Amino acid sequence: MMKEWATVVSWQQGVALLRCEPKAGCGSCKARSGCGARALNELVPETEHQLQVQIEQPLEPGQRVEVGIAEGSLLRSAMLVYLTPLLGMMLGGGALQLWLATDGAAALGALFGGVGAFLLARKLAHRLGEQDAYQPVVLQIGLPPTALRLQPDSPLSD
């Protein structure tokens, strides 16, 4: 199970809107100058990701929750998104190369095959996204931000 902590933005009628903060890479290894993950994180501007999760327990804005998704479904999704267009490009380019025997035809076939496979992957991803195995689930719920308050007359406030 892949796990990540998120912050509750809002909760209404059993659906929580969560904000996941991006990570800037691990930062713990000594190969920072040659790390591909670090280089990619520096290229892409940091953006927040939001997702909706079904949960019946009321949540407060600012509350932290741990969400998880099954590793198998995450890997299948990644394979669908990355390998389907690649396979379409290879098959489209190879088919037009065999049929017309020119490099231009192969390039055009790769373009059409890649676009067609991308559209197919998009449609399949939408169908898979509706299945329960591909939905994130709440694993742990942290205390709401209003739960911990120090009373002025308590001995802990000194």
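Per an unreviewed UniProt entry, the chain carries the name SoxR-reducing system protein RseC and comes from Serratia rhizosphaerae.

## Digging into the UniProt feature "transmembrane region" (unreviewed entry) in the chain
UniProt feature "transmembrane region" (unreviewed entry): in the numbering of this structure it lies at residues 79-99 and 105-121. In residues 79-99, the share of helix is 100% and the share of strand is 0%. The end C-alpha atoms are 29 Å apart. Secondary structure content for residues 105-121 is 100% helix and 0% strand, while the C-alpha to C-alpha distance between its ends is 24 Å.

## Looking at the side chain of Ser-73
Its place among the elements puts Ser-73 in helix H2 (residues 71-100). What makes Ser-73 buried here is its relative accessible area of 1%. Of the polar contacts made by the side chain of Ser-73, one reaches the backbone oxygen of Ala-70; its length is 2.9 Å. Ser-73 has contacts with Ala-133 and Tyr-134, leaving out every residue within four places of it along the chain.

## Here we look at the confidence of the model for the chain
Counting all residues, the mean pLDDT for the chain is 84, and 77% of those residues have values of 70 or more. The secondary-structure element of the chain with the lowest mean pLDDT is helix H1 (residues 36-43), recorded at 60, while helix H3 (residues 103-129) shows the highest, at 95.

## Describing H3
Taking 1.5 Å per residue as the helical rise, H3 with its 27 residues ought to reach 39 Å, and the 38 Å between its terminal C-alpha atoms agrees with that figure. Where H3 is concerned, the buried positions are Ala-105, Ala-106, Gly-109, Ala-110, Gly-113, Gly-114, Ala-117 and Ala-121. Summarising the contacts, the buried residues of H3 are in contact with H2.

## Thoughts on the nonpolar core
Core analysis: the largest hydrophobic core is formed by 10 residues, namely Ala-6, Val-8, Ala-16, Leu-18, Cys-20, Val-53, Ile-55, Leu-59, Val-65 and Val-67. Within the residue set of this core, elements represented by two or more residues are strand S1 (2-12), strand S2 (15-20) and strand S4 (64-69). Excluding anything up to four places from it in sequence, Cys-20 contacts Ala-6, Glu-48, His-49 and Leu-51.

## Quick notes on the sheet that holds S2
Across the sheet, which stays open at both edges, the five strands sit in the order S3-S2-S1-S4-S5 with antiparallel pairing between neighbours. Looking at which strands have only one partner, the edges of the open sheet turn out to be strand S3 (49-54) and strand S5 (137-141). Strand-to-strand twist across the sheet, computed as the mean angle between neighbouring axes with direction ignored, equals 45°. Of the strand pairs in this sheet, S1 and S4 are connected by six bridges, and their pairing is antiparallel. By the bridge assignment for S4, Glu-4 is matched with Val-67.

So, how was this worked out
Per-chain numbering applies: the sequence of each chain, read as written, is numbered from 1 onward. In keeping with the predicted nature of the model, local features appear solely for residues at pLDDT of at least 70, side-chain atom pairs appear and are counted solely at 80 or more, and the whole-chain, interface and lining totals rest on all residues. Excluded from the side-chain calculation are hydrogens and water; included are all heavy atoms of the structure. UniProt positions are given in the numbering used here, feature names are shortened, and annotations may be inferred rather than shown by experiment. Put simply, DSSP marks the helices as runs of H or I at least four residues long and the strands as runs of E at least two long, and each gets a number from the N terminus on. Each residue is placed in one exposure class: buried if its accessible area under a 1.4 Å probe, protein chains only, is under 20% of its type's maximum, exposed if it is over 50%, and partly exposed if it falls in between. Under the rule applied, a polar contact is a pair of N or O atoms within 3.5 Å (in protein, one hydrogen donor and one hydrogen acceptor; residues adjacent in sequence only if both atoms are side-chain atoms). Any pair of residues with heavy atoms lying within 4.5 Å of one another is described as a contacting pair. How sure the predictor is of each residue is captured by pLDDT, a score from 0 to 100. Helix span, expected: 1.5 Å multiplied by one less than the number of residues in the helix. Residues belong to a common nonpolar core when they are buried Ala, Val, Leu, Ile, Met, Phe, Trp, Tyr or Cys residues joined through side-chain atoms within 4.5 Å. DSSP-based pairing: two strands are paired if at least 2 bridges between them are found. Here, axes are lines fitted to C-alpha atoms. For helices the fit covers the stretch in contact, and angles between N-to-C directions go from 0 to 180 degrees.

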